[in-house]
Amino acid sequence: MIFTNLNDDLQNKSLAKKIYECIKFTKENDLKSYEPGKYEIPGTEIKMNIDHYNTKSEEQGGWESHLKYLDVQIMLEGQEYIAFNNIHNLEEIERIVENDFLKHKGPELFRVLLKAGDVLVFYPEDVHMPGLQVEKSEPAKKVVFKIDVNLL
């Protein structure tokens with residue numbers, strides 16, 4: 001897992017090229033105005049999901065990880081907690097290969113507060129529970145870039 005912010009130029013330039021492309025694309029485009037849905041960054045093999053949602057309680061959340069894709073999650077508006085643990089500490093309970101989605105159960109190791117402009121990068125072994133409410137459920141907008149790990 002990597003935590004950074006859109007404005008951490010020195011750190012961001014040191015990241016893998018494809019991860020940096022996601023950050024740069026976010027800074028250069030008004031993604032807040034995009035409708036929710038799936039997109040692609042032109043001229044790359046990077047996919048992008050724009051999500052508008054209300055944050056949820058931990059009981060409504062679920063642990064997830066991925067096999068093939070790295071997540072670059074960037075909060076556009078609002079805030080949320082994202083719980084985290086390593087794949088070796090949790091039990092896999094479902095695998096949907098065609099959707100690159102693994103579901104897990106087990107304890108939380110720690111959580112990160114994600115606010116507008118914050119960036120979290122999750123590798124396949126980084127199990128995460130996104131979209132958790134901070135104090136109460138509130139609207140949030142986030143972009144999640146999907147990068148094939150073979151492109152890194």
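Please refer to the structure placed before this passage.
Note that the structure is a prediction, hence the values are computed from the model and not measured.

## Some details on the overall build of the protein
Part 1: When helices and strands are tallied, the protein shows two helices and 12 strands.
Part 2: If you list the helices and strands of the protein from N to C, you get β-α-α-β-β-β-β-β-β-β-β-β-β-β.
Part 3: Taken against the 2.2 N^0.38 rule, which gives 15 Å for 152 residues, the C-alpha radius of gyration of the protein at 15 Å falls within 12% of a compact globule.
Part 4: The dimensions of the protein, computed from C-alpha atoms along their principal axes, are 40 × 35 × 30 Å.
Part 5: Every one of the 152 residues in the protein was classed for burial, and the buried ones make up 44%.

## Observations regarding unusual backbone geometry
Part 1: One non-glycine residue with positive phi stands out, namely aspartate 100, at about 55°.
Part 2: Checked against the element boundaries, aspartate 100 lands in the loop between strand S7 (91-96) and strand S8 (101-105).

## Here we look at the pairing of strand S3 (residues 47-54)
Part 1: Bridge count for strand S2 (residues 37-40) against S3 is four bridges, and the pairing is antiparallel. Looking across to S3, one finds that tyrosine 39 is bridged to methionine 48.
Part 2: Once S2 ends, the chain turns through six residues before running back antiparallel as S3, passing glycine 43 with a positive phi of about 80°.
Part 3: Sheet topology places S3 next to strand S12 (residues 139-148); eight bridges connect them, and they run antiparallel. Considered in S12, the bridge of tyrosine 53 is made with alanine 140.

## A closer look at the packing of aromatic side chains
Part 1: Counted according to the given criterion, the structure contains three aromatic pairs.
Part 2: Aromatic pair tyrosine 34 and tyrosine 39: ring centres 5.1 Å apart, planes at 70°, arrangement edge-to-face.
Part 3: Ring centres 4.9 Å apart and planes at 35° place the aromatic pair phenylalanine 84 and phenylalanine 110 in the tilted group. Here the residue phenylalanine 84 occupies a position in strand S6 (residues 79-86), and phenylalanine 110 occupies one in strand S9 (residues 110-115), the gap between them amounting to 26 residues.
Part 4: The buried category is assigned to phenylalanine 84, whose relative accessible area is 9%.
Part 5: Phenylalanine 110 gets classed as partly exposed once you look at its relative accessible area, which sits at 33%.
Part 6: The residue whose ring lies beneath arginine 111 is tyrosine 81, and the NZ or CZ to ring-centre distance is 5.3 Å.

## Digging into the side chain of aspartate 118
Part 1: Along the chain, aspartate 118 turns up in strand S10 (residues 118-122).
Part 2: For the buried aspartate 118, no salt bridge exists, and the shortest N-O distance to an oppositely charged side chain is 7.4 Å, to lysine 115.

## Digging into the pattern of salt bridges
Part 1: Counted under the stated rule, the structure contains 10 salt bridges.
Part 2: What emerges from the salt-bridge pattern is a single network uniting Glu58, Glu108 and Arg111.

Analysis parameters
Residues numbered from 1 in each chain as written. Predicted model: local features only at pLDDT ≥ 70, side-chain atom pairs only at ≥ 80, totals over all residues. Heavy atoms only, no water. Helix = DSSP H or I, 4+ residues; strand = E, 2+ residues; numbered from the N terminus. Rg over C-alpha atoms; globule rule 2.2 N^0.38 Å. Buried < 20%, exposed > 50% of the residue type's maximum accessible area, 1.4 Å probe, protein only. Pairing = 2+ DSSP bridges. Phe/Tyr/Trp six-rings, centres within 6.5 Å; stacked < 30°, edge-to-face > 60°. Lys NZ or Arg CZ within 6 Å of the ring centre and 35° of its normal. Lys, Arg positive; Asp, Glu negative; His and termini not counted. Salt bridge = Lys/Arg side-chain N within 4 Å of Asp/Glu carboxyl O.

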